[in-house]
Amino acid sequence: MIDNLEKFKKEIEEKASQITSPEALEEFRLYYLSRKGLLNDLFENLKNIDKSIKGSYGKALNDLKNFAIEIFEVKSKYISKGKTKGSMIDDYTLPGKTFNTGSKHLLTQALEDITKIFERIGFKVYEGPEIEDEYHNFDALNTPDYHPSRDMQDTFYISGKDKDKKYLLRTHTSPGQIRVMENQQPPVRVIVPGKSYRNEAISSRSLSMFHQVEGLYVDKNVTFRELKGTLDFFAKEFFGKDIKTRLRPSFFPFTEPSGEMDVECFLCKSKGCRICKYTGWLEILGCGMVDPDVFKFVNYDPEVYSGFAFGMGIERTLLIRHGIPDIRMFYENDVRFLKQF
Ligand SMILES: [Zn+2]
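Residues numbered from 1 in each chain as written. Predicted model: local features only at pLDDT ≥ 70, side-chain atom pairs only at ≥ 80, totals over all residues.

Broken down by element type, the protein chain carries 11 helices and 10 strands. Its C-alpha radius of gyration of 30 Å places the protein chain more than 25% over the 20 Å reference for a compact globule of 341 residues. With the C-alpha coordinates aligned to their principal axes, the bounding extent of the protein chain is approximately 90 × 50 × 40 Å. Expressed as a percentage of the 341 residues in the protein chain, the buried residues total 26%. Once local pairs closer than 6 in sequence are excluded, the contacts in the protein chain between residues at least 24 apart make up 65%. (Helix = DSSP H or I, 4+ residues; strand = E, 2+ residues; numbered from the N terminus. Rg over C-alpha atoms; globule rule 2.2 N^0.38 Å. Buried ≥ 20, exposed ≤ 12 C-beta atoms within 10 Å, placed from the backbone. Contact = placed C-beta atoms within 7 Å.)

Here you go:
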């Protein structure tokens, strides 16, 4: 109903811009403001409006009436002075138009925040292709033929220009690591933000497209301690200075040893709740020391160089940071959701 009034307001503005003669002014008055005019009709109709919105509707209608009266008065002065051309913009006493300014999407903000945190400690940004070949997405990351993640059930395969090669939508941002190392000798310090794709059933916790940020640091004598320090620094910058973190052992084909990092649960402060499944901790990323076998694919000497890598899902991290109940909310473009960030 109130939307309707907005439409009338636009219409009034439009008509007002066309008033250039006393006749047109009178026409405007008759149409909107006279006893048989549109606004009077709307007020008459007020008794049929549903009680629940009557108050707000009535107020909006009053505002509309005042708006029309104001325009009429300004235009009257204007025309009585013999001015018939030009726009009402000459009158600086008129109320200004309000504009809704846009803002960045929550995901864009997060990607920018994360990028800035790592740039401050010397990481460069690299963006790899979203259409990858099997070699970069799996083989060079030490993920053999028989690995379950290579299954058609999990990966979107597509046909590409080279018939002997298999192409796919990258299942993670990790092939970016390989592309960087193929083209650069150590030291390497990059993050790879971007989209990844998996053939998942869509639910409140998973989508078939999501964002990741991958990190890679390779040099002489890089240690696990540096990995831990870097990730701890990141967590404190991103989630807040007081956040506690922990590393748990895990497994990934391309890192050895591998780990997962948890942050303490925001909601229950580690006491245990439904969101953290009563553990007090929330997993935010996977990480580990780059497997020496991966170095062989890019001709780095594993006797000389070592490095660490990590990767995190952005949507999932934001679900945790803001307590968002459903991952699909990121892509529904509901302004009531988006405005909160
Ligand atoms: Zn909890």
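Having put the structure on the table, let's press on.
Tracing the sequence through the fold places H211 in strand β6 (residues 209-220). With residues up to four places along the chain from it excluded, the contact list for H211 reads L107, L111, G194, K195, I314 and E315.

Attention now goes to the sheet that holds strand β7 (residues 245-252). Spatial ordering of the open sheet is given by β1-β5-β6-β10-β9-β8-β7, a layout of 7 strands whose pairing is mixed. With one partner strand each, in any of the chains shown, β1 (124-125) and β7 form the two edges of the open sheet. Each of β5 (188-197), β6 and β10 (305-313) is contacted by helix α7 (residues 175-183), which is oriented at about 140° to β5, the strand it contacts most. Contacts from helix α8 (residues 224-239) reach β7, β8 (255-264), β9 (281-290) and β10, with the element oriented near 145° to β9. (Pairing = 2+ DSSP bridges. Axes fitted to C-alpha atoms, helices over the stretch in contact; angles between N-to-C directions.)

Side chains that are three or four residues apart share a direction in an α-helix, a result of its 3.6 residues per turn. Among all positions in helix α10 (residues 314-322), only I314, E315, T317 and L319 are buried. Buried positions along α10 lie against α5 (106-120), β6, β9 and β10. G323 lies just past α10 and shows a positive phi near 65°.

Right, let's get into the domain arrangement of the protein chain. How big an interface is tends to be stated in terms of the accessible area lost upon association of its parts. You can read the domains of the protein chain as domain 1 (2-90) and domain 2 (106-128 + 179-338). Averaged C-alpha coordinates put domain 1 and domain 2 at centres separated by 56 Å. (Domains from an automatic or database assignment.)

A word on the sheet that holds strand β4 (residues 167-169). What the 3 strands build is an open sheet, ordered β2-β4-β3; its pairing is antiparallel. Because the sheet does not close on itself, it has two edges, and the strands there are β2 (131-133) and β3 (157-158). In terms of strand pairing, β3 meets β4 through 2 bridges, oriented antiparallel. By the bridge assignment for β4, Y157 is matched with L168.

The element β9 is extensively covered by neighbouring structure, given that 7 of its 10 residues are classed as buried. Taken together, the 4 bridges between β9 and β10 define a ladder with antiparallel strand orientation. Within β10, the position partnered with G288 by the bridge is A309.

Let us look at the environment of I71. Mapped onto the elements of the fold, I71 is located in helix α4 (residues 51-80). Residues I71 and L94 lie 23 residues apart in sequence; the distance between their C-alpha atoms is 8.4 Å. Discounting residues that sit within four places of it in the chain, I71 has contacts with I12 and A16.

On to the environment of L338, then. With respect to the helices, strands and loops of the structure, L338 is situated in helix α11 (residues 335-338). Among the residues examined, L338 registers 16 C-beta atoms within 10 Å and is labelled partly exposed. Note: C-alpha distance between L338 and S103 (235 residues apart in sequence) is 8.9 Å. Once residues lying within four places of it in the same chain are set aside, the contact partners of L338 are H105 and L106.

Once that is clear, we can look at unusual backbone geometry. Excluding glycine, most residues fall at negative phi; most peptide bonds, likewise, are trans. For the bond from P186 to P187, the omega torsion is 5°, close enough to zero to count as cis. Looking at the secondary structure, you find P187 in the loop between α7 and β5. At the junction of E256 and P257, the peptide bond is cis and its omega measures out at -5° in the coordinates. Locating P257 in the fold gives a position in strand β8. The phi dihedral of K277 falls on the positive side, at around 50°, and the residue is not glycine. Turning to its location among the elements, K277 is positioned in the loop between β8 and β9. A residue is classified by how many C-beta atoms lie within 10 Å of it, and K277, with 11 of them, is exposed. With a phi close to 55°, N333 is a non-glycine residue in the positive phi region.

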